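# Structural features, examined
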Amino acid sequence: MRVRHEHWLAWPYLGGLVLLVVVPAAVALAIAFTNFNAIRPPEFTGLDNFTRVVRDEAFWRALANTTIYIVIALPLRLAAAVAFALLLHRPGPGVGAARAIAYLPSVVPDAAYALLWLWFLNPIYGPISLALGAVGLEGLGNGLLTDPWSTRVAIAVMGAFQIGEAFVIALAARRLIPESLYDAARVDGAKPWFVLRRVTLPLMGPVLALLALRDVIFSLQANFVPALLITDGGPRYATTYLPLLVYRSAFRYFRFGYASAVTVSIFLITAIVVYLQYRLVKRWRLL
Amino acid sequence: MTLSIEELSKTFGTRRARTDSALVRALEDVSLQAADGELLVIVGPSGSGKSTLLRCVCGLETIDRGRISVQGKDVTRLPPAERNVAMVFQEFALFPHLNVRANISFGLEARKQETTAIAAKVEQAAEMLDLKRLLNRYPSSLSGGEKQRVALARAVVREPAAFLLDEPLSNLDAELRTHMRAEIKTLQRRLETTTLYVTHDQVEALTMGDRVAVLRAGRIEQIGPPMELYDHPANGFVARFLGSPPMNLFPSGIHKGPAGAGVVGIRPERIRLVEPSEGRLAGSVVLVEPIGTDAIVHVDVQGHRLLVRVERSALDGASGEVGLLFLESDVHGFQDWDGPAL
């Protein structure tokens, strides 16, 4: 029998992908080499925009902010996803509801979620500030959204609840580990902590590595909404992340050429980071 | 007695289930003792509860009733780790991310034994099971037989009071199975460790066991030395279950066996094919299955199919009408199909 390849079924999707992603990306790449400002026709300026990016203090500050965000948020997000997966992988009363709750923050639209946290994080009357005040930490509570570091941490913590996909993937990874391995470990006298360290985490390792890779890519772009709606990049530029820098350069200052150059830089940085992580993971024999 | 199980019962199903239909009785009043160094085989068809019995003994399942003791110590309520037994699982349960050495040492490391002592014990176990050149390999690169040996080494290295082997050969191909059968038996003899060996394969049971317990629907039907079970089955079920091919059972209307028997049985190898007029029974040959030196001849006797095992050289004339000749002393009588022997 002749095997029919129905690859044409993928064409509409691929067509859309080219039109909506590849073409704009190519345009952005082209604009990065011009002085386009949406008013005058663009002129070719060579590597001027990239030179400006490298020399721009705002760019380095945004890169540092993004890095800090990733360093705080990534471990939190991974740990939360794995913890939920390990706690909720076995069926039982209430487990279905608990899984839904763990997924819920990822379903809420980003803007609504950000506005909710704007209230949570309010330094005067927000519940977090009030709770901190109740245990004698008024200073910390009042610093929310006004002190650079507590704001950075707050935005990262906020992101640590939106782990729905990572949770589902970690859950699937845990359920792929045969129960007989746990039976064998129990008969062999392994305590729960030993089993977690020596069996569960190593066997979930490849998936965790994949989640980490994905989360870095995601984190380089994800904090745009909270930075725009909650902190407006502040206080003192502490939450001006790379996506917000691009947005402002383009749509507030109409420096499209420069914004495109930053975008291209983000793309290159992402590619480098992901490649380095991939190399590291390969060395660990994980993938 | 290294291992003693008294009146063990186990039911699966929700605790809250009030109706009996929601409950599955996996084991009912199972009692057995294994002497020091004995290899006791538990054999039964699938679903008879033999794996459950093993899981109860090692503590992976809780029990409803009964008592389990290891070397005189009551372990009924103890967690698996404190029962001093080692289990070999049907699917080997090797840790895929650890090499052979780390797999073998896992249980010792979990018990926080000294590193040098662990290394020495692993070497010793690897030597015993011919695994020395595989110590740095990972399970995915091992053959079925090698995985099996690693799983055994993992149990051996712990020096437990008893081994619990759950169908250890069922994932191996036929040739390897015969080989490993001998290897396990030799190893067990050498270590003189009490062993509970679960299998559904009656050939394995008969060849390996010092004693054999036949389990059916959660109850022990008979327990004893293999040949005793073979020669004197306690009931129709054991008669049908042991032997390859199994004992022929047929209604006493065809051949009147011992007084009061509703069903009579005779082993296929105890029958000779003769001229129709010379046999105690007569029938017609339906099928001949050669199996090496022997052949299994299917004979239709008054609508019942009897199997006869004969040497292939004695097959001449084994077609059409034949007579079946056997000694009256080889005839077993049972009350009914599953009923007790008379």
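Residues numbered from 1 in each chain as written. Chains lettered and ligands numbered in written order. Predicted model: local features only at pLDDT ≥ 70, side-chain atom pairs only at ≥ 80, totals over all residues. Heavy atoms only, no water.

## Remarks on the side chain of S9 of chain B
Residue and element names in this part refer to chain B. What counts, and what does not: Only runs of H or I of at least four residues qualify as helices and only runs of E of at least two qualify as strands under DSSP, and these elements are numbered from the N terminus. Accessibility here uses a 1.4 Å probe with only protein chains present; expressed as a share of the type maximum, an area under 20% marks a residue as buried, one over 50% as exposed, and anything in between as partly exposed. N or O atoms within 3.5 Å of each other form a polar contact, as long as, within protein, one can give a hydrogen and the other can take it, and as long as residues adjacent in sequence are counted only when both atoms are side-chain atoms. Contact criterion: two residues are considered in contact whenever any of their non-hydrogen atoms come within 4.5 Å of each other.
Residue placement: S9 occurs in strand 1 (residues 3–12). Judged by relative accessible area, which is 5%, S9 ranks as buried. Engagement of the side chain of S9 in a polar contact is seen with the backbone nitrogen of D29, the distance being 3.1 Å. Among residues more than four places away in sequence, those in contact with S9 are L27, E28, D29, I63, D64 and R65.

## Looking at the confidence of the model for chain B
The predicted coordinates ought not to be read in detail in places where the model reports low pLDDT. Stated formally: Per residue, pLDDT captures the predictor's confidence, and it can take any value from 0 to 100.
Averaged over all residues, the pLDDT of chain B equals 90, while 97% of them reach at least 70. Across the assembled chains, the prediction reports ipTM 0.85 with pTM 0.82.

## Observations concerning the pattern of salt bridges
This is how the line gets drawn: Basic side-chain nitrogens of Lys or Arg form a salt bridge, by our definition, when they fall within 4 Å of a carboxyl oxygen of Asp or Glu.
Under the definition given, this model contains 26 salt bridges over all chains. Between E179 of chain A and R174 of chain A there is a salt bridge, with the nearest N and O atoms lying 3.4 Å from each other. Take R174 of chain A: its relative accessible area is 3%, and that puts it in the buried class. Several salt bridges converge on common partners, so that one network encompasses D183 of chain A together with K10, R55 and E61 of chain B.

## Digging into helix 13 (residues 242–251) of chain A
Residue and element names in this part refer to chain A. For helix 13, the buried fraction is high: eight of the 10 residues fall into the buried class. Every buried residue of helix 13 is listed here: L242, P243, L244, L245, V246, R248, S249 and A250. In this structure, the buried residues of helix 13 make contact with helix 3 (57–88), helix 11 (192–222), helix 12 (224–231) and helix 14 (256–283).

## Comments concerning the interface of chain B and chain A
Note the threshold: Using a 1.4 Å probe, buried area is obtained as the accessible area two parts lose upon being combined, added over both of them.
Each partner contributes to the interface: chain B provides 25 residues, whereas chain A provides 16 residues. Both sides of the chain B and chain A interface together cover about 1800 Å² of buried area, and 63% of this is carbon and sulfur. Counting the contacts that link chain B with chain A gives three salt bridges. At the boundary of chain B with chain A, the tally comes to seven residue pairs in polar contact (both at pLDDT 80 or more). Breaking the side of chain B that touches chain A down by element, the ones donating at least two residues are helix 1 (50–58), strand 6 (85–88) and helix 2 (100–110) of chain B. Among the elements that take part in the side of chain B that touches chain A, helix 2 of chain B stands out by supplying four residues, more than any other.

## Considerations on the side chain of E146 of chain B
Keep this limit in mind: For the charge count, each Lys or Arg is scored as positive and each Asp or Glu as negative, with His and the chain ends excluded.
Looking at the secondary structure, you find E146 of chain B in helix 4 (residues 144–156). Despite its burial, E146 of chain B remains without a salt bridge, the nearest opposite charge being carried by R137 of chain B at 4.2 Å.

## So, the state of the cysteines
All names here are of chain B. Our working rule: Note that a disulfide, as used here, is simply two cysteine sulfur atoms within 2.5 Å.
Tallied over the full model, the rule gives zero disulfides over all chains. Of all cysteine sulfurs, the one in C56 lies closest to C58, which takes part in no disulfide; the gap is 8.6 Å. Given the relative accessible area of 0%, C58 is considered buried.

## Digging into the packing of helix 1 (residues 11–31) of chain A against helix 14 of chain A
Residue and element names in this part refer to chain A. To be explicit about the condition: Note on method: axes are straight lines fitted to C-alpha atoms, helices fitted across the in-contact stretch only, with angles between N-to-C directions ranging 0 to 180 degrees. Crossing handedness is read from the near helix: turned anticlockwise from the far helix by less than a right angle, it gives a left-handed crossing, and turned clockwise, a right-handed one. The classification used treats Ala, Val, Leu, Ile, Met, Phe, Trp, Tyr, Cys and Pro as nonpolar, Asp, Glu, Lys and Arg as charged, and all other residues, Gly among them, as polar.
Viewed as axis vectors pointing N to C, helix 1 and helix 14 meet at an angle of 115°, and their least axial separation amounts to 7 Å. Handedness of the helix 1/helix 14 crossing: left-handed. Each of A28, L29 and I31 in helix 1 lies in contact with helix 14, whose residues at this interface are F256, G257, S260 and V264. Looking at the contact of helix 1 with helix 14, its residues break down into five nonpolar, two polar and no charged.

## Here we look at a positive patch on the surface
Operational definition: Here the term patch refers to residues with relative accessible area over 30% and no salt bridge, with like charges joined within 9 Å and nonpolar side chains (Val, Leu, Ile, Met, Phe, Trp, Tyr) within 5 Å. Note on areas: Shrake-Rupley, 1.4 Å probe, and residue coverage restricted to the protein chains presented here. Each charge is placed at NZ for Lys, CZ for Arg, CG for Asp and CD for Glu.
Taken together, the side chains of K191 and R197 of chain A together with R111 and K112 of chain B make up a positively charged region of the molecular surface. With respect to the helices and strands, the residue R197 of chain A is situated in helix 11.

## Quick look at the packing of aromatic side chains
For clarity, the threshold we go by: The criterion for an aromatic pair is that two Phe, Tyr or Trp rings (for Trp, the six-membered ring) have centres within 6.5 Å, with stacked assigned to planes under 30 degrees apart, edge-to-face to planes over 60 apart and tilted to the rest. Two conditions define a charge sitting above a ring: the NZ of Lys or the CZ of Arg must be within 6 Å of the ring centre, and it must be within 35 degrees of the ring normal.
A complete count under the given rule lists 16 aromatic pairs over all chains for this structure. With centroids separated by 4.3 Å and ring planes inclined at 35°, the aromatic side chains of F95 of chain B and F106 of chain B adopt a geometry described as tilted. With F95 of chain B in the loop between strand 6 and helix 2 and F106 of chain B in helix 2, this residue pair connects regions lying 11 residues apart in the sequence. An aromatic cluster of at least three residues, connected via ring pairs, comprises F36, F224, Y247, F251, F254 and F256 of chain A. Over the ring of Y258 of chain A we find R255 of chain A, and its NZ or CZ is 4.3 Å from the ring centre. Directly above the aromatic system of Y230 of chain B lies the positively charged group of R267 of chain B, at a separation of 3.8 Å from the ring centroid.

## Examining helix 2 of chain B
Burial of helix 2 of chain B is extensive: nine of the 11 residues sit out of reach of the surface. Structurally, helix 2 of chain B contributes buried residues whose contacts are with helix 10 (179–187) and helix 11 of chain A together with helix 3 (115–128) and helix 4 of chain B. Where helix 2 of chain B ends, the next residue or the one after it, K112 of chain B, has phi of about 55°, a positive value.

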